[in-house]
Amino acid sequence: MNTTTPQTQKAHQILNIIWGILTALFLIVAIFVIGKSTQNSLHEQLENTTKQLSIKIDKLINRVTQSVYSTTINTQTMMGCAQLLQPQLQHIVRNVPEIAGLSINEISHDSQKILTCSTFPADDLKLNNSGLENSLNILGPVQLKALEHPVLILRQQLGQYIFNIAIQDNDFQKLFKPAIPFAKFVVLYDAIQHKILIEMLLENSLEQRWLPANTEQINQTELLIKSNPQLLIATDLIRLNHSRVLIGIDNKQIKHLIIRNIAIASLILIILSLGLYYFIRHRIRQHFSLHRALMNAIRQGEFFPTYQPIMDRRTNHCCGAEVLLRWQSTENEIIMPDSFIEYTEESGLIVPITVDLVKKVFAESSMLLENNPAFYLAINISAAHFSDPYFFKTFITLCEKYHIAPQQIILEITERNLLYHDESVINTMQMLREKGYSLAIDDFGTGNSNISYLQRFPFNYLKIDRIFINSIGSGAITESLSLSMIEMANRLGLKVIAEGVETYTQLESLENNGAYLMQGWYFSKALPFESLISFLNRNNTP
Ligand code: C2E
Ligand code: CA
Ligand code: CA
């Protein structure tokens, strides 16, 4: 059964539009926010990394300088370098692994005479002493003859002494090695001389292998640093003047990550929003469901009766009419019972609908019935009416109120939802028969009803369903079935009403087999009450 009402469709359309717009808006905002926040958090991460690195380097420098500045140095020890100072210096070099060599210079007041005490061969560490401040500086890298690796020189002047501490650059490199995601290079940079002191390059972003750069690469990196300062993260060292740790951001990797994050977030957003969409759709469906529409129709009194004439072929008069329900929906269209009757019977809504319908029928037809005592109305009821404890009481009260004689009413009970062989149902039916109401079994032959069913329930009419009538003249098996149904009904003393008569052939065949009560489009479709009156006036006047 199609339960989609026009309101539902309209609400769905509105939902589709709003959902589309909102989802697109949310997606745009999400893309923007996630892009920005991913970038910010990566920058923060890299800033932390440079800070950690600079702290490590500061610590290394501290350790190294502390060990050197604790030696006793004076002109005397300087003069007796080989015996007095050099052994001390060599002891330091041996015990502090980062120190590759040491040299101390003493400058006389007139700066003419320089005394040197060093762990290096005499001519190995010839450094320009000019331009020194009292603070600690770093120079290099320089390749000393005595050492395998290039060294960086930590240099500081304290009074007339200048300390030169050689640290092998691979000791710094060790500090640089840990994984630094989203970085292209990490360098120790002299910001005054614009010179790279130590550089590590990421060889392969997948494996995160940092390699010390060769001189050519240093030049390239120096160029990069000068041309793209926005792609750098920097932290100044505390212990070293003008020196800072620089990390070169790998923008490509960051872009990839941002795109990936955006893709994941968009997917989650779309899944969530689809979930929400279907939830709202479901709620709309519920809201505008057939049930609500029917409840509303009952409240608004949108159901009304039509009457399909029943002909007595013996007199060729209209002897009665079947009341057929119609629903005038708010959209000004008339809805046929086939699309909703099953649901109303299942849900029990049919009971208030029938009560309302019967009131309307009796109000407009009581005069007709009173003036034509042989005329009857057939009213459709179902198992749901028997399950309701008040329906028949109400029905009988209405008949009394409108002065309708029970002999003028046939209750058509469809076998669609077969009445259980329940004592109380049979009792109710018997009570109705005793009061004078007729009972017809409707749609006979289409469901579970059989001859024992007919014997058990106190029916006095049998309506042959239109599918059987339809087959008359076709030679199909159902044709002979409908004829034997008539025979059986006659034997059981049931009056037969043949429904759905459309052709003269059907009429003739039915008449020849002893069925003379007929209903169908051959005579008339279901009519509004006024048209029924006209029909009667045309047909029933002798
Ligand atoms: P039904 O009780 O078997 O009613 C006869 C149906 O056959 C009606 O359809 C009628 O319009 C249609 N019909 C009559 N003559 C012909 C014909 O010559 N050819 C064809 N093709 N059809 C014909 P309708 O009005 O659409 O009703 C459909 C069903 O809805 C009814 O079948 C009945 O079971 C149910 N129904 C209608 N009104 C009520 C009601 O007030 N209460 C209950 N419980 N059910 C109702
Ligand atoms: Ca019927
Ligand atoms: Ca029928």
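Everything below is about the structure printed above this text.
Note that the structure is a prediction, hence the values are computed from the model and not measured. (Residues numbered from 1 in each chain as written. Chains lettered and ligands numbered in written order. Predicted model: local features only at pLDDT ≥ 70, side-chain atom pairs only at ≥ 80, totals over all residues. Heavy atoms only, no water.)

## Notes on a nonpolar patch on the surface
- On the surface, Ile-14, Ile-17, Ile-18, Ile-21, Leu-22, Leu-25 and Phe-26 cluster together to form a nonpolar patch covering roughly 690 Å² of accessible area.
- Tracing the sequence through the fold places Phe-26 in helix 1 (residues 6–69). (Patch = residues over 30% accessible without salt bridge, like charges linked within 9 Å, V, L, I, M, F, W, Y side chains within 5 Å. Areas by Shrake-Rupley, 256 points an atom, 1.4 Å probe, with all protein chains shown as cover. Salt bridge = Lys/Arg side-chain N within 4 Å of Asp/Glu carboxyl O. Helix = DSSP H or I, 4+ residues; strand = E, 2+ residues; numbered from the N terminus.)

## Some thoughts on the state of the cysteines
- Counting across every chain of the model gives one disulfide.
- Here Cys-81 pairs with Cys-117 through a disulfide, and the sulfurs are 2.1 Å apart. Handedness of the Cys-81-Cys-117 disulfide follows from its S-S torsion of about 75°: it is right-handed. Taken as a pair, Cys-81 in helix 3 (residues 81–95) and Cys-117 in strand 2 (residues 114–118) lie far apart in primary sequence, 36 residues in all. Of the two residues, Cys-81 and Cys-117, neither departs from the other in class, the shared state being buried.
- A disulfide-free cysteine, Cys-399 has its sulfur positioned 19 Å from the sulfur of Cys-319, the nearest such atom.
- Among the residues examined, Cys-399 registers a relative accessible area of 1% and is labelled buried. (Disulfide = S-S within 2.5 Å. Buried < 20%, exposed > 50% of the residue type's maximum accessible area, 1.4 Å probe, protein only.)

## Topic: the packing of helix 1 against helix 6 (residues 251–287)
- Two elements in contact, helix 1 and helix 6, have axes whose closest approach is 9 Å; the angle formed by their N-to-C orientations is 155°. Classified by the interaxial angle, the pair formed by helix 1 and helix 6 is roughly antiparallel. Read as a crossing pair, helix 1 and helix 6 show a hand that is right-handed.
- Here the contact of helix 1 with helix 6 is built from residues that sort into 19 nonpolar, ten polar and two charged. (Axes fitted to C-alpha atoms, helices over the stretch in contact; angles between N-to-C directions. Parallel < 35°, antiparallel > 145°, perpendicular 65-115°, else oblique. Left-handed = near helix turned anticlockwise from the far one by under 90°. Nonpolar A, V, L, I, M, F, W, Y, C, P; charged D, E, K, R; others polar.)

## Focus: the coordination of the calcium ion (ligand 2)
- Within the protein, the atoms that donate to the calcium ion (ligand 2) are Glu-322 (OE), Asn-380 (OD1), Glu-412 (OE) and Asp-442 (OD), at distances of 2.1 to 2.3 Å.
- For the calcium ion (ligand 2), the donor residues sit on a single chain with the sequence spacing E-x57-N-x31-E-x29-D.
- The metal-metal distance between the calcium ion (ligand 2) and the calcium ion (ligand 3) comes to 5.2 Å. Taken together, the positions of Glu-412 in strand 15 (residues 409–414) and Asp-442 in strand 16 (residues 438–444) put the pair 30 residues apart, joining distant regions of the chain. Across this residue pair, the class does not change: Glu-412 and Asp-442 are buried. (Donors = N, O, S within 2.8 Å, 3.2 Å for Na, K, Ca; no water.)

## A few points about the sheet that holds strand 5 (residues 161–168)
- The five strands lie next to each other as 2-1-5-4-3, forming an open sheet whose pairing is antiparallel. Two strands bound the open sheet, and with one partner strand each, they are strand 2 and strand 3 (137–142). Pairwise comparison of adjacent strand axes, ignoring direction, gives a mean angle of 20° for this sheet.
- Bridging between strand 1 (residues 99–107) and strand 5 involves seven bridges; their strand directions are antiparallel. Bridging across to strand 5, Glu-106 finds its partner in Tyr-161.
- Contacts from helix 1 reach strand 1, strand 4 (151–158) and strand 5 within the one sheet, and its direction differs from that of strand 5 by about 135°.
- Sheet strands touched by helix 3: strand 1 and strand 2. Its angle to strand 1, the strand with the most contacts, is close to 145°. (Pairing = 2+ DSSP bridges. Contact = heavy atoms within 4.5 Å.)

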